Each structure stands twice: as C-alpha cells, then as structure tokens.
Amino acid sequence: MISNKVRTWPVIAGCLMAAMMVLVQPAFAQGPVTDDDVNRVARQLYCPVCENIPLDVCGTQACAQWRDEIRLQLQAGKSEQAVIADFVARYGDRVVGTPQDPTLRGLSLVTPWLLSAVALSVALGIFVRWRTAQARSIQTGIPVPAASTSARSSELTPRRLEEYRARLEQDLARRR
Amino acid sequence: MDNPVDLDLELNETEAVPVARHIHPVFVLVPLAVVILLAAIFGIQLVRRGQTQPTEGAAPPFSLTTFDGETYTLEKLRGKIAVVNFWASWCGPCRAEAPELQKAWEKYRDKGVVLLGVAYTDTERQARAFIAEFKQTYPNGLDIGTKISTDYRIRGVPETFFIDRNGKIVRFFMEPLNLSMISSVLDKMLAEG
C-alpha cells in the first residue's frame with residue numbers, strides 16, 4: 001500500500017507547475033524580420049522605375065534598395081502602415097499606385113463608384129420590370145409569356161392576349 | 001379530319017407592324033456617360049504620357065533641401081547659372097557621370113555656376129554612400145515626394161537641365177555627361193552674360 005506521503009508529492013509538484021505556468025509570463029524572443037515580413041509591405045508598394053510592378057517581385061537594384069529600407073524600418077520597430085506612410089511621404093503617392101495627375105486621381109476615386117451605381121441601377125430596373133410583369137400576370141390571371149426574340153411577342157399585354165384568344169376561338173369555330 | 005390550323009401563319013398575316021420597344025432614356029444616357037468618362041480617362045493618360053521634359057522656356061520652380069540642410073530654390077538662383085542634375089545611386093550611367101560632374105563643379109563653382117544634384121527615388125543611406133564614394137562636394141538632396149522630378153517630367157536618370165540667369169531652360173540632356181559636354185554649354189552661357 002502506497003503511503004499518503006508518497007502520493008501527495010506528485011500532486012503538490014503538479015499544482016506548483018500549474019501555478020507557475022499561469023503566473024509567470026513567458027518571454028518570447030523578438031524574431032528577426034523575415035523576407036515574408038518585408039514582402040508583405042513591399043507587395044503594397046510599386047517599383048519607382050518600372051511601371052505597375054509591385055515592389056516584392058521587381059528585380060531592379062532600386063527595388064532591392066527599397067526592400068532593404070523596408071527591412072531596416074521594420075527592424076527598428078515601425079509598423080507596416082508606418083513604413084508605407086514613410087514611403088509615401090518620401091516618394092509621393094505613386095509608390096502606392098495612386099495616379100499623380102490630380103484629374104486622373106479624382107476620376108480613379110469616382111469611377112468605380114459610378115460604375116457600381118450604374119450596374120446596380122440596371123439590375124434594379126430589370127428587377128422592377130420583372131416584378132411589375134409578375135404583378136400584372138397575377139392580377140389578370142394571364143401567365144406572363146416566355147421571353148421571345150420576336151418584338152411582337154414582347155408586347156403581349158393582357159388586352160392583346162384577349163384579342164388573340166378571341167381570334168383563335170373564332171378560327172377554331174370556323175374550321176369545325 | 002381537317003388539317004390543323006396554321007395558327008401562327010394566321011396570326012402573322014393579321015398582325016400589324018411590330019411595336020417599337022420602349023427603352024427608358026436612363027438606360028441609354030448612363031452607359032453613354034460611362035463610356036465618355038472612360039474615354040476621358042484614357043485620353044488624359046495618353047496626353048500625360050506624351051508630355052516630355054521641358055527643354056526651353058521658364059524652368060519649373062523647385063525647392064531642394066540638401067543633405068547639409070541648405071535649401072535652394074529656383075528663385076534664389078536668379079542671377080546665377082544653375083545646372084540641375086537628376087541621379088540615383090542605383091543608376092549605372094550616373095556612376096560614370098559622377099566624377100565628371102565633380103570636375104565641372106570644381107572648375108565652375110567660382111564663376112557664378114551652381115550645380116545641384118537631385119537624388120531621384122533614392123534612399124538617404126544609399127544616396128549619402130554614393131556621394132561619399134565619388135567625393136562629391138556640390139549640393140545634393142533628396143527629391144522629397146518626387147515633386148521636383150514630377151514638375152520636370154523626367155523619364156529616368158541621369159537627366160540634366162541647364163538654366164540661365166533668368167530662370168530659363170537653355171539646354172537639356174537625357175544622357176550621362178562628361179566634362180567636355182558640360183564645358184561646351186557653360187562656356188557659351190557664361191560668354192553670353
């Protein structure tokens with residue numbers, strides 16, 4: 001039979017270790033800035049020499065120097081946004097791909113919204129027309145005809161459908 | 001049994017002229033406006049691309065703060081001949097040109113000529129190392145925000161502008177210079193007074 005004294009030691013040791021894990025904050029060593037860290041920032045910047053080439057994939061010496069500069073700033077403790085802001089301050093909006101021409105810059109801000117508004121308006125217009133046709137169909141009890149390439153069939157209002165139906169019945173009666 | 005009625009044919013025969021489809025003006029005007037807008041964007045871009053460096057007339061004003069902390073402006077340089085050279089430490093031809101520019105500076109600095117080096121999209125560390133390597137003593141500074149290079153519409157480096165005492169561009173080079181080329185321009189500008 002195991003004595004009580006022997007059994008309590010493992011329990012005490014376990015409790016002490018658990019307490020240490022909770023109370024003592026582990027000190028993680030600050031790792032060096034990796035290439036991935038640099039490229040994460042570089043991906044958001046553009047080559048100063050070549051047009052529209054992101055900094056992370058550019059092979060020129062200028063880009064290599066800029067990536068070194070990013071690495072130094074990250075190592076100095078700057079955040080990614082602070083590094084980008086520094087580059088914009090030093091080299092202008094072109095480094096983040098913003099057009100330098102004021103007119104183009106304004107248009108680049110307005111145009112996506114305008115195109116979205118146009119697309120939304122067109123979709124809304126089509127939806128409203130479809131719903132109107134559906135509502136009319138429910139009201140008159142006449143099913144909305146399927147889409148046809150004929151311009152004639154696109155104008156099948158309930159009144160015209162009634163006319164066709166009457167004509168059809170006349171023709172059928174004549175032929176009996 | 002009677003032949004089946006060709007109803008479609010009957011309907012076609014009695015059918016009137018097809019009614020024109022009614023399209024709301026908005027669905028015409030808005031896409032048209034978008035097309036015009038996109039054309040304007042491309043047009044402006046093409047025009048901007050076509051604009052080259054100023055090779056004559058009034059030089060665009062600039063303000064350059066050198067690594068020594070001094071500020072040079074075009075206005076302050078009135079009455080002197082200014083040579084504005086755009087360079088970068090990563091530029092191979094700039095390395096060939098650097099000693100020649102230093103020689104020109106030593107030859108003309110006491111004759112009312114100011115040589116300014118504008119470091120284009122360069123890091124300060126690399127630019128200073130370049131200056132130290134070539135032992136350049138003429139004023140050099142970073143083009144903060146690439147404002148000066150934008151105003152001068154440079155396409156690359158090295159590019160050099162010779163500006164007379166009245167602030168007008170007299171000569172422009174889009175190639176690395178040597179002392180002979182620099183002297184041929186400056187001697188003529190100095191002779192003209």
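Here, every reference points to the structure presented above.
Calculation notes
Residues numbered from 1 in each chain as written. Chains lettered and ligands numbered in written order. Predicted model: local features only at pLDDT ≥ 70, side-chain atom pairs only at ≥ 80, totals over all residues. Helix = DSSP H or I, 4+ residues; strand = E, 2+ residues; numbered from the N terminus. Buried ≥ 20, exposed ≤ 12 C-beta atoms within 10 Å, placed from the backbone. Pairing = 2+ DSSP bridges. Contact = placed C-beta atoms within 7 Å. Axes fitted to C-alpha atoms, helices over the stretch in contact; angles between N-to-C directions. Expected span 1.5 Å × (residues − 1). Bend = angle between axes of the 7 residues up to and from the residue. Parallel < 35°, antiparallel > 145°, perpendicular 65-115°, else oblique. Left-handed = near helix turned anticlockwise from the far one by under 90°. Nonpolar A, V, L, I, M, F, W, Y, C, P; charged D, E, K, R; others polar. Core = buried A, V, L, I, M, F, W, Y, C linked by C-beta atoms within 7 Å.

(A) Broad picture of the overall build of chain A. Across its full length, chain A carries 6 helices and 0 strands. N-terminal to C-terminal, the α/β element order of chain A is α-α-α-α-α-α. Looking at chain A as a whole, 12% of its 176 residues qualify as buried.

(B) Structural view of the sheet that holds strand β4 (residues 81-87) of chain B. Residues and elements named next belong to chain B. Read across the open sheet, the 6 strands follow the order β1-β8-β7-β4-β5-β6; overall the sheet is mixed. The sheet is open, and its two borders are formed by β1 (57-58) and β6 (140-142), each paired with just one other strand. In this structure, β4 lies alongside strand β5 (residues 113-119), joined through 7 bridges in parallel fashion. Its bridge partner lying in β5, Val-83 is registered against Leu-115. Here helix α3 (residues 92-108) sits on the sheet in contact with β4 and β5, set at roughly 155° to β5.

(C) Summary view of α3(B). Residue and element names in this part refer to chain B. In this model, α3 (17 residues) spans 25 Å end to end at C-alpha, consistent with the 24 Å of a helix rising 1.5 Å per residue. The sharpest bend along α3 comes to roughly 35°, located at Ala-98, with the proline Pro-99 sitting one to four residues further on. Here α3 has its buried residues at Cys-94, Glu-97, Ala-98, Leu-101, Ala-104 and Tyr-108. On its buried side, α3 packs onto β4, β5 and α6 (179-192).

(D) Structural context of the packing of helix α2 (residues 35-42) of chain A against helix α3 (residues 61-75) of chain A. Residue and element names in this part refer to chain A. At a minimum axis distance of 9 Å, the contact between α2 and α3 shows a crossing angle of 110°. Relative to α3, the element α2 lies roughly perpendicular. As α2 packs across α3, the resulting crossing turns out to be right-handed. Each of Asp-37, Val-38, Val-41 and Ala-42 in α2 lies in contact with α3, whose residues at this interface are Arg-67, Ile-70, Arg-71 and Leu-74. Grouping the amino acids of the contact of α2 with α3 by side-chain chemistry returns 5 nonpolar, no polar and 3 charged.

(E) Molecular detail of the nonpolar core. The biggest cluster of nonpolar side chains holds 56 residues, and the ones touching the most others in it are A:Leu55, B:Trp87, B:Ala88 and B:Val118. Sorting elements by how many residues they give to this core places β4(B) first, with 6 residues. Excluding its chain neighbours within four sequence positions, the residues that come into contact with B:Trp87 are B:Cys94, B:Gly117, B:Ala119, B:Tyr120, B:Val157 and B:Pro158.

(F) Geometry of unusual backbone geometry. Residue and element names in this part refer to chain B. Residue Pro-158 is bonded to the preceding Val-157 through a cis peptide linkage, with omega at 0°. Although it is not a glycine, Lys-135 sits at a positive phi angle of roughly 55°. With respect to the element layout, Lys-135 can be found in the loop between α4 (124-133) and β6. Despite not being glycine, Arg-153 has its phi angle at roughly 55°, a positive value. Tracing the backbone through its elements, the reader meets Arg-153 in the loop between α5 (147-151) and β7 (159-163). A tally of 13 C-beta atoms within 10 Å means that Arg-153 is categorised as partly exposed.

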